[in-house]
Amino acid sequence: MKRILLLLLSVLMLMSFPSCKKEEEGESETTYAPSEDIEPMDISSLEISEYVKLGQYGGLEISYSPSEETRGEAVWKRVAENSEILKYPEQQVKYYFNQLKAKYEYIAKNRNDTYANILLMLETDEEEMMAEAKSLTADDLVFYALLDAENIELTDTDKENNFDRYVSKFVTDYGYGEEYVRSNMSDEIYETMLYDKTLEKLISLNEFINAEA
């Protein structure tokens, strides 16, 4: 789930900071890689109750402003706030931190600048990056706790009926070619599909009040 959002953020940031030098023909402007190779964890393999205490996620009245957020964003924020992180899986936090750091390192390289200068320019630092890594990990933990609590899973029918629509969405949102998405991003598509199915469940369990009405 969050790896997709991190990828989108990376692409948007790189578009906002064009290179100071011309890229060689065939070199990707959005390719970046962490200096330390840390794999994401399989959160589904954890004893999730040891890491997160899921708070109330149904029967809530949620006030939201449609011009600022969707019902899905509003309910996710509330559910995350209601939940308590008992401990963080260290490897997952390190994974996200390295992904965030890799973005800034790539921007620095692409601009012939230093990593430290880029952090200063963007008014961030490694302490904030670590906080963001923990936030991303917390969302992962809450997500898998919800999957367990509501027995949510993707069926073969879900995958078959929605795959083409998600391919089109990824092409539009991330700017990749359709063939690349079909061949290389099926895991990310299914992860996003499962996240959306979870949001749909949360929306069905709660009442929403339009604060702009």
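Structure: above.
The model shown is predicted, which means the values in this text are computed figures rather than measured ones.

Here we look at the environment of Ala80
Now for step 1: Locating Ala80 in the fold gives a position in helix α2 (residues 71-82).
Now for step 2: In the structure, Ala80 is positioned 58 residues away from Ala138 in sequence and 8.1 Å away in space, judged by C-alpha atoms.

Describing the packing of helix α3 (residues 90-110) against helix α5 (residues 126-150)
Now for step 1: Their axes nearest at 8 Å, the elements α3 and α5 cross at an angle of 130°. In terms of axis orientation, α3 runs oblique to α5. The handedness of the crossing between α3 and α5 comes out as right-handed. Residues Gln92, Val93, Tyr96, Phe97, Leu100, Lys101 and Tyr104 of α3 form the contact with α5, whose own contacting residues are Glu126, Met129, Met130, Glu132, Ala133, Lys134, Leu136, Thr137 and Asp140.

So, α2
Now for step 1: For α2, which comprises 12 residues, the first-to-last C-alpha distance of 17 Å matches the rise-based estimate of 16 Å (1.5 Å per residue) to within 8%.
Now for step 2: Within α2 the residues assigned to the buried category are Gly72, Ala74, Val75, Trp76 and Val79.
Now for step 3: The elements touched by buried residues of α2 are β2 (61-64), α5, α8 (186-205) and β4 (207-210).

Conventions used here
Residues numbered from 1 in each chain as written. Predicted model: local features only at pLDDT ≥ 70, side-chain atom pairs only at ≥ 80, totals over all residues. Heavy atoms only, no water. Helix = DSSP H or I, 4+ residues; strand = E, 2+ residues; numbered from the N terminus. Axes fitted to C-alpha atoms, helices over the stretch in contact; angles between N-to-C directions. Parallel < 35°, antiparallel > 145°, perpendicular 65-115°, else oblique. Left-handed = near helix turned anticlockwise from the far one by under 90°. Contact = heavy atoms within 4.5 Å. Expected span 1.5 Å × (residues − 1). Buried < 20%, exposed > 50% of the residue type's maximum accessible area, 1.4 Å probe, protein only.

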